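Topology and contacts: notes
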Amino acid sequence: GCVYASGTTVWAGAGGALEKSTSGGAFSSVQSGTGGGLGVAVSGSNFYLATSSGLWVSNASGASGSFGLKGTAQGLANTGLSGVAVDSGGTVLAVSSSSGGPNGFYLSQDDGSSFTALGTTMFPRGIYAYGTTWYASTYSGLGISSDGGATWTWRGPAQGVQGAANGAWYMP
């Protein structure tokens with residue numbers, strides 16, 4: 001599952017649906033049938049939910065009924081996603097840890113309307129963006145990109161990252 005909080009509103013991707021709670025109240029379904037939620041990213045009024053069935057995108061602040069599923073027709077050759085992030089420039093990066101599709105990294109520069117596979121052989125488990133720097137946890141360690149995913153520096157056992165990285169966070 002995944003969780004996102006903003007003020008007193010909490011979103012949870014669990015049980016095959018996106019749920020929302022406001023001011024500590026009970027959770028209610030915002031979007032059903034999503035598949036397992038594995039990552040959430042928000043940028044302005046754009047809301048992204050990475051799931052086992054693809055990327056659910058809302059351009060209406062995650063309002064109920066505003067989500068559309070992005071998949072192979074939009075360039076996500078592998079729809080079994082493990083995470084999503086948005087950098088400060090609005091670039092969306094969706095990632096897949098499954099070897100069922102090319103590369104595992106998918107980049108969008110149009111608010112998630114279409115995606116392009118990035119040329120890397122690492123299969124990411126999660127993704128995080130701080131400013132315009134990307135941090136990808138992979139089965140081989142940690143990948144860092146400071147150019148929006150165009151190139152990556154990989155950190156593994158030789159640099160102190162022992163084995164697979166399960167997640168990536170950055171604290172300035």
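What counts, and where the lines are drawn
Residues numbered from 1 in each chain as written. Predicted model: local features only at pLDDT ≥ 70, side-chain atom pairs only at ≥ 80, totals over all residues. Heavy atoms only, no water. Helix = DSSP H or I, 4+ residues; strand = E, 2+ residues; numbered from the N terminus. Buried < 20%, exposed > 50% of the residue type's maximum accessible area, 1.4 Å probe, protein only. Contact = heavy atoms within 4.5 Å. Areas by Shrake-Rupley, 256 points an atom, 1.4 Å probe, with all protein chains shown as cover. Pairing = 2+ DSSP bridges. Axes fitted to C-alpha atoms, helices over the stretch in contact; angles between N-to-C directions. Phe/Tyr/Trp six-rings, centres within 6.5 Å; stacked < 30°, edge-to-face > 60°. Polar contact = N/O pair within 3.5 Å; in protein donor to acceptor, adjacent residues only side chain to side chain.

Focus on the overall build of the chain
Helices and strands together make up the secondary structure of the chain, namely 0 helices and 16 strands. Burial analysis of the chain (172 residues in total) assigns 45% to the buried set. The long-range fraction of contacts in the chain, counting pairs at least 24 apart against all pairs at least 6 apart in sequence, stands at 35%. Summed over all atoms, the accessible surface of the chain reaches about 7,700 Å², with 50% contributed by carbon and sulfur.

Examining the pairing of strand β2 (residues 9-14)
Taken together, the 5 bridges between strand β1 (residues 2-6) and β2 define a ladder with antiparallel strand orientation. In the strand pairing of β2, Tyr-4 is matched with Trp-11. The antiparallel hairpin formed by β1 and β2 contains 2 residues in its connecting segment, where Gly-7 sits at a positive phi of about 65°. Of the pairings in the sheet, the one linking β2 to strand β3 (residues 17-22) comprises 6 bridges and is antiparallel in character. The partner of Gly-13 across the bridge, within β3, is Leu-18.

Quick look at unusual backbone geometry
For Ser-61, which is not glycine, the phi torsion reads 60° and is therefore positive. Its place among the elements puts Ser-61 in the loop between β7 (54-58) and β8 (67-70). Classification of Ser-61 as partly exposed rests on a relative accessible area of 46%. The backbone phi angle of Asp-111 is positive, close to 60°, even though this residue is not glycine.

Details of the sheet that holds strand β12 (residues 116-117)
Two strands in a sheet stick together by hydrogen bonds in their backbones, pointing the same way (parallel) or opposite ways (antiparallel). The antiparallel open sheet is built from 4 strands, whose spatial order is β9-β10-β11-β12. Lying at the two open borders of the sheet, with one neighbouring strand each, are β9 (81-86) and β12. Here strand β10 (residues 92-96) pairs with strand β11 (residues 105-108) via 4 bridges, running antiparallel. The residue of β11 that forms the bridge with Val-95 is Phe-105.

Section: the sheet that holds strand β4 (residues 28-32)
Taken in spatial order, the 4 strands make up an open sheet running β1-β2-β3-β4, and their pairing is antiparallel. At either end of the open sheet lies a strand with only one pairing partner, and these are β1 and β4. Adjacent strand axes in the sheet meet at a mean angle of 20° when their direction is disregarded.

What about the packing of aromatic side chains?
For the coordinates displayed, the defined rule picks out 6 aromatic pairs. For the pair Trp-152 and Trp-154, a centre-to-centre distance of 5.6 Å together with 20° between the ring planes defines the contact as stacked. Members of the aromatic cluster, joined through ring pairs, are Tyr-4, Trp-11, Phe-47 and Phe-67.

Some thoughts on the side chain of Ser-96
Here Ser-96 is to be found in strand β10. For Ser-96, a relative accessible area of 0% translates into the label buried. Side-chain polar atoms of Ser-96 contact the backbone oxygen of Gly-80, separated by 2.8 Å.

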